[in-house]
Amino acid sequence: MAGGEGTSGTVEELVKGTRQAAEFAEQFRAYSESEKHWKARMEFILRHLLDYQEGPDRGGRLDQLLALSMVWANHLFLGCSYNKELLDKVIEMADGIEVEDLPQFKTRDELMKKCQH
């Protein structure tokens, strides 16, 4: 294949596949999610979609991925807390996803400590 003609077809297929995956993921966007929130959660979903696809032997794996994406997003954007094992899992799954201007949250213990001084 002279001149990289095969590469062009591969890139087009990759772009088409990425677009289809993004369109598929769009159905899982919550009405209340901001664009920033959704873009981060969609990246989380798309990053792991192949590992959690439905199939005859995979049961509700897609539902599990969607739940994990919500746990991660809720922790990140809303400050929700979950058990350590679950948080460790979603933080590891989200490694490398960059989100700018995240809100800063204080724990109840931090607030109580401040009030005592």
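Since the model is a prediction, treat every value here as computed from it, not as a measurement.

In this section: the environment of Tyr52. Within the element layout of this structure, Tyr52 appears in the loop between helix H2 (35-48) and helix H3 (61-78). Overall, the relative accessible area of 7% leaves Tyr52 in the buried class. Considered as a pair, Tyr52 and Asp63 are 11 residues apart in the sequence and their alpha carbons are 8.6 Å apart.

In a pair of packed helices, the angle between the axes and the distance between the axes together describe the arrangement. The N-to-C vectors of H2 and H3 enclose an angle of 140°; their axes lie 10 Å apart at closest approach. For the pair H2 and H3, the crossing hand works out as right-handed. Here H2 contributes Lys36, His37, Ala40, Arg41, Phe44, Ile45 and His48 to the contact with H3, which in turn contributes Leu65, Leu66, Leu68, Ser69, Met70, Trp72, Ala73 and Phe77. Residues belonging to the contact of H2 with H3 are distributed by class as follows: 10 nonpolar, 3 polar and 2 charged.

Grouped together as the largest cluster of nonpolar side chains are 23 residues, with contacts concentrated most on Phe44, Leu65, Trp72 and Val99. Contributions of two or more residues to this core are made by H2, H3 and helix H4 (84-93). At 9 residues, H3 tops the list of elements feeding residues into this core. When sequence neighbours within four positions are dropped, the list of residues in contact with Phe44 reads Leu65, Leu68, Ser69, Trp72, Val90, Met93, Ala94 and Ile97.

Turning next to the packing of H3 against H4. At a closest axis distance of 10 Å, the pairing of H3 and H4 adopts a crossing angle of 95°. By the criterion of interaxial angle, the relationship of H3 to H4 is roughly perpendicular. Two secondary-structure elements touch here, H3 through Leu65, Leu68, Val71, Trp72 and His75 and H4 through Leu86, Leu87, Lys89, Val90, Ile91 and Met93. Of the residues assigned to the contact of H3 with H4, the class counts are 9 nonpolar, 1 polar and 1 charged.

What counts, and at which threshold
Residues numbered from 1 in each chain as written. Predicted model: local features only at pLDDT ≥ 70, side-chain atom pairs only at ≥ 80, totals over all residues. Heavy atoms only, no water. Helix = DSSP H or I, 4+ residues; strand = E, 2+ residues; numbered from the N terminus. Buried < 20%, exposed > 50% of the residue type's maximum accessible area, 1.4 Å probe, protein only. Axes fitted to C-alpha atoms, helices over the stretch in contact; angles between N-to-C directions. Left-handed = near helix turned anticlockwise from the far one by under 90°. Contact = heavy atoms within 4.5 Å. Nonpolar A, V, L, I, M, F, W, Y, C, P; charged D, E, K, R; others polar. Core = buried A, V, L, I, M, F, W, Y, C linked by side-chain atoms within 4.5 Å. Parallel < 35°, antiparallel > 145°, perpendicular 65-115°, else oblique.

Shape is all these values report; function is a separate question.
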